[in-house]
Amino acid sequence: MVYEERNAWSGLLVGAVVITAYVIIVLQRASERPVTEVDWLPPMLWTIGIGIVATIAISIVWGIVAGANDPDGVGRSDVRDRDISRMGSRVEQSFVVIAGLGVIALCAVGADVFWIANTMFAGFAVSAMVGSIARVVAYRRGLV
Amino acid sequence: MVKPTLVSNRIRAHREGAGLTQAELAGRIGVTRQTLIAIEQEKYSPSLELAFQIARAFGVGIDDLFHYPEPSTKDA
């Protein structure tokens, strides 16, 4: 498995865990009060921070383990990695745009800031997950 | 579902004929071994530039390595 594919898997696995954790935390808090009164900012920031740090940490540890088996190719990337990365970015972009349009619509109707922030967050989360899935599928099944 | 490519190649046959390992050929053309495997298995279509590099590594023309089917009569 090449360096960029390991990164895609790391992002996918960490993203699935931290996003699920965020949803559970918010839903738990929403069971005690109206959802718009939930203090969503701290768990959202923790989710983003832990997601970034964990992805980097796993990628480094995985790279060290992989480097023990293949010292020459551990950090290399090439034209196929760049092609797959571009394809993943295009997939991600569409979901961010959809979320952005959703945010504009919510602002237009004067929605609560909870819904505005979480719509944007959901857009980032879905785009990251779908982009990672697209990259992993391209590495496993092929990109032609 | 990834759409399969119509381009087929004979890179593996040429590589084995030249007595090269996947790692050796990958090193010569500047890609990872995994990318060469993907190309040989027709899971990744190389760029024109990379196709020329592969052909040059064997001292053959691109047509000797890559094949694209002729259009059928009903397509023509």
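Heads up: the structure comes first, above all this text.
Residues numbered from 1 in each chain as written. Chains lettered and ligands numbered in written order. Predicted model: local features only at pLDDT ≥ 70, side-chain atom pairs only at ≥ 80, totals over all residues.

Peer 1: Can you help me understand the overall build of chain A in this one?
Peer 2: A count of helical and extended segments in chain A gives 4 helices and 0 strands. Going from N to C terminus, chain A has its helices and strands arranged as α-α-α-α. Structurally, chain A occupies a C-alpha span of about 55 × 30 × 20 Å along its principal axes. In chain A, which comprises 144 residues, the proportion classed as buried is 24%. Put simply, of all contacts in chain A between residues at least 6 apart along the chain, 78% involve residues at least 24 apart. (Helix = DSSP H or I, 4+ residues; strand = E, 2+ residues; numbered from the N terminus. Buried ≥ 20, exposed ≤ 12 C-beta atoms within 10 Å, placed from the backbone. Contact = placed C-beta atoms within 7 Å.)

Peer 1: Explain the overall build of chain B here, please?
Peer 2: The secondary structure content of chain B amounts to 5 helices and 2 strands. Helices and strands in chain B line up, N terminus first, as β-α-α-α-α-α-β. Residue burial in chain B is summarised as follows: out of 76 residues, 25% are buried. Restricting to contacts in chain B with at least 6 residues of sequence separation, those with at least 24 account for 56%.

Peer 1: Sorry, what's going on with the interface of chain B and chain A here?
Peer 2: Many analyses report the size of an interface as the accessible area lost when the parts associate. In this assembly, 16 residues from chain B lie in contact with 10 residues from chain A. Of the residues belonging to the side of chain B that touches chain A, the class tally is 6 nonpolar, 7 polar and 3 charged. (Nonpolar A, V, L, I, M, F, W, Y, C, P; charged D, E, K, R; others polar.)

Peer 1: How should I be thinking about the nonpolar core in this particular structure?
Peer 2: As a rule of thumb, soluble globular proteins bury nonpolar side chains together. Residues and elements named next belong to chain B. Judged by nonpolar contacts, I11, L25, A26, I29, V31, L36, A38, I39, Y44, I54 and L65 together constitute the single largest core of 11 residues. Mapped by element, the contributors of at least two residues to this core are α2 (22–29) and α3 (33–40). Every residue in contact with L65, bar those within four places of it in the chain, is listed here: N9, R10, I11, H14, I54, A55 and V60. (Core = buried A, V, L, I, M, F, W, Y, C linked by C-beta atoms within 7 Å.)

Peer 1: What's the story with helix α4 (residues 113–141) of chain A in this structure? I'm lost.
Peer 2: Along an α-helix, residues three or four apart share an orientation, since each turn contains 3.6 residues. Residue and element names in this part refer to chain A. Compared with an ideal rise of 1.5 Å per residue, which puts 29 residues at 42 Å, α4 spans 41 Å between its outermost C-alpha atoms and is within 8% of the ideal. In this fold, the buried residues of α4 make contact with α1 (3–30) and α3 (79–108). Looking one or two places after α4, you find G142, whose phi comes out positive at around 115°. (Expected span 1.5 Å × (residues − 1).)

Peer 1: I tried to follow the environment of B:R10 on my own but got confused; where do I start?
Peer 2: Within the secondary structure, B:R10 sits in the loop between β1 (8–9) and α1 (11–17). Between the C-alpha atom of B:R10 and that of B:D63, which follows or precedes it by 53 residues, the distance is 9.9 Å.

Peer 1: Explain the environment of A:V144 to me, please; I cannot follow it from the model alone.
Peer 2: Along the chain, A:V144 turns up in the segment after α4. Residues A:V144 and A:D83, 61 residues apart in the sequence, show an inter-C-alpha distance of 9.9 Å.

Peer 1: Teacher, can you tell me more about the packing of α1(A) against helix α2 (residues 41–69) of chain A here?
Peer 2: The geometry of a pair of packed helices is captured by two quantities: the angle between their axes and the separation between those axes. All names here are of chain A. Direction vectors running N to C along α1 and α2 enclose 150°, while the axes themselves pass 8 Å from each other. By the angle class used here, α1 and α2 are roughly antiparallel. Considering the relative orientation of α1 and α2, their crossing is right-handed. Partitioning the contact of α1 with α2 into residue classes produces 15 nonpolar, 9 polar and 1 charged. (Axes fitted to C-alpha atoms, helices over the stretch in contact; angles between N-to-C directions. Parallel < 35°, antiparallel > 145°, perpendicular 65-115°, else oblique. Left-handed = near helix turned anticlockwise from the far one by under 90°.)

By themselves, these figures tell us nothing about what the structure is for.
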